[in-house]
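Residue strings, one per chain:
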Amino acid sequence: MAYTEDDLKKELETKEYEYGFYTDIESETFPVGLNEDIVRAISKKKEEPEWMTEWRLEAFRIWEQMEEPEWANVHYEKPNFQNISYYSAPNKKPKYNSIDEVDPELLETFKKLGISLDEQKKLAGVAVDIVMDSVSVATTFKETLAEKGIIFCSISEAIQEHPELVKKHLGSIVPQKDNFYAALNSAVFSDGSFCYIPKGVRCPMELSTYFRINQAGTGQFERTLVIADEESYVSYLEGCTAPSRDENQLHAAVVELIALDNAEIKYSTVQNWYPGNAEGKGGVYNFVTKRGLCETNAKISWTQVETGSAVTWKYPSCVLKGDNAVGEFYSIAVTNNYQQADTGTKMIHLGKNTKSTIISKGISAGKSQNSYRGLVQINSRATNARNFSQCDSLLMGNECGAHTFPYIEAKNKTAQIEHEATTSKIGEDQIFYCNQRGIDTEKAIALIVNGFSKEVLNKLPMEFAVEAQKLLEISLEGSVG
Amino acid sequence: MLEIKDLHASVEGKEILKGLNLNVKAGEIHAVMGPNGAGKSTLANIIAGKEEYEVTGGGILLDGEDIEELAAEERAHKGVFLSFQYPVEIPGVTVTNFMKTAINETRKAQGLEEMPAKDMLKKIREKSELLEIDRKFLSRSLNEGFSGGEKKRNEIFQMAMMEPKLAILDETDSGLDIDALRIVANGVNKLKGENNAIIVITHYQRLLDHIVPDYVHVLYDGKIVKSGSKELALELEEKGYDWIKEEINA
């Protein structure tokens with residue numbers, strides 16, 4: 001029997017989140033609500049120095065004065081910030097020397113995720129700093145990195161061990177007052193990763209972090225700081241999956257990248273937070289601020305594959321401060337069912353001969369809304385700045401939406417800015433053509449979507465590209481009618 | 001191999017095929033000719049299993065099995081191949097990747113292992129030589145930016161790769177220059193064997209100079225109204241279709 005639209009709809013409804021499970025580990029969770037005492041308590045819990053506590057309090061006071069932004073093309077019930085618990089840590093906080101000491105239940109969780117530490121340890125070339133509900137529980141390959149003088153640890157550890165670096169750079173790219181969510185994150189961030197690559201060092205392996213929300217009602221506030229000193233290179237991978245949950249979960253991360261003269265940072269993300277069920281219930285709110293600073297001849301590349309979250313608000317950006325700096329943004333954003341994504345980038349050209357490239361691929365299915373929002377800003381001193389932007393949208397079915405909001409501000413006459421945009425639909429003719437060659441509809445969609453996304457998938461490191469392709473297929477199963 | 005009995009079919013309520021009969025045996029080449037709007041492409045699409053077409057009467061048997069309820073991919077798995085009149089573009093998917101997926105999906109459906117990469121490469125090399133296709137062409141996105149002739153040649157390349165039991169060539173000659181026509185026809189002839197059959201749908205005689213049919217059928221107003229040997233094609237070329245219309249209406 002031929003595959004009908006009804007079959008597809010049925011499949012769509014029964015399609016559940018692949019990683020929807022919940023690990024029952026005893027946690028120490030703060031009471032709900034947010035005030036100065038809670039901020040102090042978080043800081044104390046983490047045994048932070050006084051300057052850090054003060055920094056958090058300053059952020060909190062700014063946040064209190066701010067309003068939640070409404071300009072994004074997304075609609076959702078605003079979180080009640082007094083109804084969220086701002087700290088949750090796996091109960092005992094041991095320092096593991098070997099994998100045998102890790103809580104077996106935690107290992108089981110990793111197994112379900114397909115990233116068991118056992119495997120990870122054997123996977124040469126990848127060091128993993130796994131963030132399980134706000135606290136780093138295991139770090140591998142640290143010694144290899146240490147030999148090169150590379151620091152790769154949790155941000156909490158960095159605050160203790162490398163206060164001079166943290167103090168100097170934290171908030172230098174995304175200040176506390178930058179925006180509502182960044183201020184909130186600055187006040188209450190639980191943990192995150194810190195990375196420092198010394199002068200002239202090429203990091204010999206891909207650094208990767210897996211994030212995971214794992215405590216009912218706990219907001220996740222990650223803070224990441226990556227510093228690439230002069231002439232250094234690092235490729236950083238960030239991937240995440242979250243368990244299925246009924247209530248909305250707030251995720252407001254901040255990532256700051258600093259590429260000093262001649263340095264290069266590649267930052268790749270595969271994001272698969274729980275998107276809510278087929279009726280649009282539940283799902284993660286993902287309000288993220290990501291920004292990088294490029295000094296002279298430096299380069300920052302953001303590559304992201306966004307398949308999850310109920311609501312996404314995210315604009316990884318580059319400030320091209322030094323002459324000849326290069327910024328790149330490669331993005332695939334997939335929305336299905338009732339998901340809403342408003343994502344894009346900002347390329348701020350300050351230095352001479354700065355160059356930026358934006359390739360954005362939006363794929364919308366179901367009743368979802370997918371928006372690209374980008375700003376290319378050429379400042380008056382930025383002589384001979386160049387930008388190329390390409391925004392492609394692919395639609396499936398008749399109930400979804402794709403939107404493009406490109407903003408261009410050029411204050412220097414020598415600027416060269418190109419913008420290309422296309423919108424296409426997966427056609428029945430394309431599907432039939434594939435069917436006729438023996439390829440069923442699911443596989444045909446995967447093939448077409450992978451083809452559409454290829455320019456971006458090619459930018460991902462090998463091990464991530466495979467995972468990303470799989471995610472695209474999972475996210476879009478049964479979505480063409 | 002293929003038996004079409006009193007086939008009635010419609011699109012969006014409009015009847016296109018009105019009691020069509022056709023018998024194709026293994027080892028045979030059949031040509032189906034006819035004026036525009038006679039239902040030639042509809043016939044091709046119905047055999048291949050396109051969903052918009054509704055069969056309202058009669059049936060299609062492949063090796064004695066009624067295939068009407070089968071999805072297009074299931075028919076493909078049983079060896080039905082359609083060379084499209086207007087092949088679609090799939091950006092970002094290379095010809096090689098597309099063929100690899102098509103062959104392995106078909107093998108999977110037949111309970112076979114995936115074809116080893118070495119064998120796949122060998123086959124690609126062999127068939128691309130047969131159709132005089134530049135290897136660089138195979139790394140391009142499927143049909144994207146291809147000329148009309150390249151698209152058709154690529155269809156026949158795919159046919160060579162899939163080795164179908166029943167191949168239907170829907171206006172494969174349109175858009176081909178004389179050299180390309182010769183190459184494509186040569187490819188088709190090499191693929192012909194005792195165990196497979198080919199249906200050539202065309203407007204013109206010229207393709208049939210190169211691919212010599214065992215039978216020629218005239219499709220007019222949803223029915224096969226005349227069948228004959230290859231000489232019938234020459235007669236049609238010379239006299240057009242009007243005399244057939246007159247014969248029927250008389």
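Residues numbered from 1 in each chain as written. Chains lettered and ligands numbered in written order. Predicted model: local features only at pLDDT ≥ 70, side-chain atom pairs only at ≥ 80, totals over all residues.

Enquirer: Even after reading the chapter, I still don't get the overall build of chain B, so can you show me in this structure?
Expert: When helices and strands are tallied, chain B shows nine helices and twelve strands. Reported as C-alpha extents along the three principal axes, the dimensions of chain B are approximately 60 × 40 × 35 Å. The proportion of buried residues among the 250 residues of chain B is 42%. A separation of at least 24 residues holds for 72% of the contacts in chain B among residues at least 6 apart in sequence. (Helix = DSSP H or I, 4+ residues; strand = E, 2+ residues; numbered from the N terminus. Buried ≥ 20, exposed ≤ 12 C-beta atoms within 10 Å, placed from the backbone. Contact = placed C-beta atoms within 7 Å.)

Enquirer: Where do I start with the overall build of chain A in this structure?
Expert: Secondary structure assignment for chain A yields twelve helices and 23 strands. Counting the 481 residues in chain A, one finds 54% classified as buried. Sequence-distant contacts, at least 24 apart, represent 84% of the contacts inside chain A between residues at least 6 apart.

Enquirer: Help me understand helix 6 (residues 178–191) of chain B, please; the structure alone is not making it clear to me.
Expert: Residues three or four positions apart in an α-helix share a direction because the helix packs 3.6 residues into each turn. Residues and elements named next belong to chain B. Helix length check: helix 6 (14 residues) gives 20 Å between terminal C-alpha atoms against 20 Å at 1.5 Å per residue, within 8%. Among the residues making up helix 6, those that are buried are Ala180, Leu181, Val184, Ala185, Gly187 and Val188. Each buried residue of helix 6 lies within a common arc of 155 degrees when the element is viewed along its axis, so the set occupies one face. The exposed set on the far side of helix 6, more than 90 degrees from its buried face, consists of Ile178, Asp179 and Lys190. Buried residues along helix 6 sit in contact with helix 4 (117–130), helix 5 (148–162), strand 10 (197–201) and helix 7 (206–210). (Expected span 1.5 Å × (residues − 1). Arc of directions from axis to C-beta.)

Enquirer: When you look at helix 5 of chain B in this model, what are you seeing that I'm missing?
Expert: All names here are of chain B. Over its 15 residues, helix 5 extends 21 Å from the first C-alpha to the last, a length consistent with the 21 Å expected when each residue adds 1.5 Å. Of all 15 residues making up helix 5, 13 are buried, and the element is well covered by its neighbours. At the exit of helix 5 stands Glu163, carrying a positive phi of roughly 45 degrees.

Enquirer: Whenever I open this one, the sheet that holds strand 2 (residues 14–24) of chain B confuses me. Can you help?
Expert: The strands making up a sheet are joined through hydrogen bonds of the backbone, oriented either antiparallel or parallel. Residues and elements named next belong to chain B. Spatially, four strands are ordered 2-1-4-5 in an open sheet, and the strand pairing comes out antiparallel. Because the sheet does not close on itself, it has two edges, and the strands there are strand 2 and strand 5 (65–66). Bridging between strand 4 (residues 53–62) and strand 5 involves two bridges; their strand directions are antiparallel. Its bridge partner being in strand 5, Leu62 is matched across the sheet by Glu65. Across the sheet, helix 1 (residues 40–48) is in contact with strand 1 (2–11), strand 2 and strand 4; its angle to strand 4 comes to roughly 65 degrees. (Pairing = 2+ DSSP bridges. Axes fitted to C-alpha atoms, helices over the stretch in contact; angles between N-to-C directions.)

Enquirer: Can you walk me through the packing of helix 5 of chain B against helix 6 of chain B in this structure?
Expert: The relative placement of two packed helices is expressed as an angle between their axes plus a distance between the axes. All names here are of chain B. The geometry of helix 5 relative to helix 6 is characterised by a closest axis approach of 10 Å and an angle of 10 degrees between their N-to-C directions. As summarised for this structure, helix 5 and helix 6 are arranged roughly parallel, according to the angle between their axes. Residues Gly149, Lys152, Arg153, Ile156, Met159 and Ala160 of helix 5 form the contact with helix 6, whose own contacting residues are Ala180, Ile183, Val184, Gly187, Val188 and Leu191. Classifying every residue of the contact of helix 5 with helix 6 gives eight nonpolar, two polar and two charged. (Parallel < 35°, antiparallel > 145°, perpendicular 65-115°, else oblique. Nonpolar A, V, L, I, M, F, W, Y, C, P; charged D, E, K, R; others polar.)

Enquirer: Would you take a moment to explain the interface of chain B and chain A for this structure?
Expert: Contacts between chain B and chain A engage 24 residues on the former and 20 residues on the latter. Contributions of two or more residues to the side of chain B that touches chain A are made by helix 2 (72–77), strand 7 (90–94) and helix 3 (95–109) of chain B.

Enquirer: Hey, could you run me through the pairing of strand 11 (residues 215–220) of chain B in this one?
Expert: A regular strand places its side chains so that they alternate between the two faces of the sheet. Residues and elements named next belong to chain B. Counting buried residues along strand 11, five of its six residues qualify, which places the element largely inside the surrounding structure. In the sheet, strand 3 (residues 29–33) pairs with strand 11 via four bridges, with the strands oriented parallel. Across the sheet, residue Ala31 finds its bridge partner in strand 11, namely Val216. Two strands pair when backbone bridges link them, and strand 11 and strand 12 (residues 223–228) are joined in this way by five bridges, in the antiparallel orientation. Following the sheet pairing, Val218 is matched in strand 12 by Lys226. If you look at the hairpin formed by strand 11 and strand 12, you'll find two residues sitting between the two strands, and Asp221 has a positive phi there, around 50 degrees.

Enquirer: Looking at this structure, how should I read the sheet that holds strand 9 (residues 166–170) of chain B?
Expert: Residue and element names in this part refer to chain B. The strand order across the open sheet formed by six strands is 6-9-10-3-11-12, and the pairing between neighbours is mixed. Each edge of the sheet is formed by a strand with only one pairing partner; in this case those strands are strand 6 (80–83) and strand 12. On average, each strand axis in the sheet is inclined to that of its neighbour by 20 degrees, with strand direction left out of account. Sitting on the sheet, helix 8 (residues 230–239) is in contact with strand 3, strand 11 and strand 12, with an inclination near 45 degrees to strand 11.

Enquirer: Please clarify how the environment of His30 of chain B should be interpreted in this entry.
Expert: All names here are of chain B. When you line up the elements, His30 lands in strand 3. C-alpha of His30 to C-alpha of Lys230: the two residues are 200 residues apart in sequence and 9.4 Å apart in space. Those residues in contact with His30, other than ones at most four positions away along the chain, are Val24, Ile199, Pro213, Asp214, Tyr215 and His217.

Enquirer: Looking at this structure, how should I read unusual backbone geometry?
Expert: If a residue is not glycine, its phi is most likely negative; likewise, a peptide bond is most likely trans. All names here are of chain A. Even without being glycine, Asn262 reaches a positive phi, approximately 60 degrees. Tracing the backbone through its elements, the reader meets Asn262 in the loop between strand 11 (254–259) and strand 12 (264–272). A residue is classified by how many C-beta atoms lie within 10 Å of it, and Asn262, with 20 of them, is buried. The phi angle at Asn384 is positive, at roughly 60 degrees, despite the residue not being glycine. Within the secondary structure, Asn384 is located in the loop between strand 20 (369–378) and strand 21 (386–395). What makes Asn384 partly exposed here is the crowd of 16 C-beta atoms within 10 Å.

Enquirer: Would you mind showing me how to read the pairing of strand 1 of chain B here?
Expert: All names here are of chain B. Across eight bridges, the pairing between strand 1 and strand 2 is antiparallel. When the bridges of strand 2 are listed, His8 appears paired with Lys18. Counting the residues in the hairpin turn of strand 1 and strand 2 gives two residues, including Glu12, whose phi is positive at 45 degrees. Two strands pair when backbone bridges link them, and strand 1 and strand 4 are joined in this way by eight bridges, in the antiparallel orientation. Looking at the pairing, Ile4 lines up with Ile60 of strand 4.

Enquirer: For this particular structure, what's the right way to read the nonpolar core?
Expert: Considering soluble globular proteins, one finds that nonpolar side chains tend to be buried as a cluster. Cys195, Ala228, Ala259, Ile265 and Cys294 of chain A together with Ile168 of chain B are the most contacted members of the largest nonpolar core, which has 186 residues in total. When residues in this core are grouped by element, the largest group, nine residues, is from helix 11 (residues 441–457) of chain A. The contact partners of Ile168 of chain B, leaving out residues within four places of it in the chain, are Ala44, Ile47, Ala48, Phe81, Leu82, Ser83, Ile199 and Ile201 of chain B. (Core = buried A, V, L, I, M, F, W, Y, C linked by C-beta atoms within 7 Å.)

Enquirer: Looking at this structure, how should I read the environment of Lys245 of chain B?
Expert: All names here are of chain B. Summarising the element assignment, Lys245 is placed in helix 9 (residues 242–249). Assessed through the 14 C-beta atoms surrounding it within 10 Å, Lys245 is described here as partly exposed. With 25 residues separating them in the primary sequence, Lys245 and Tyr220 have C-alpha atoms 7.9 Å apart.

Enquirer: Please clarify how the packing of helix 4 of chain B against helix 5 of chain B should be interpreted in this entry.
Expert: Residues and elements named next belong to chain B. Where helix 4 contacts helix 5, the axes come no closer than 9 Å and their chain directions differ by 135 degrees. Taken together, the axes of helix 4 and helix 5 lie oblique to each other. When the axes of helix 4 and helix 5 are compared, the crossing they make is right-handed. Along the contact surface, helix 4 presents Lys123, Lys127, Ser128 and Leu130, while helix 5 presents Phe157, Ala160 and Met161. (Left-handed = near helix turned anticlockwise from the far one by under 90°.)

Enquirer: Teacher, can you tell me more about the confidence of the model for chain B here?
Expert: The predicted coordinates should not be examined in detail at positions where pLDDT is low. Counting all residues, the mean pLDDT for chain B is 92, and 100% of those residues have values of 70 or more. Confidence estimates for the predicted assembly give a pTM of 0.80 and an ipTM of 0.96. (pLDDT = per-residue confidence, 0-100.)

Enquirer: Just checking my understanding: could you explain the environment of Thr441 of chain A for this structure?
Expert: One can find Thr441 of chain A in helix 11. The sequence separation of Thr441 of chain A and Asp392 of chain A amounts to 49 residues, and the corresponding C-alpha distance is 22 Å.

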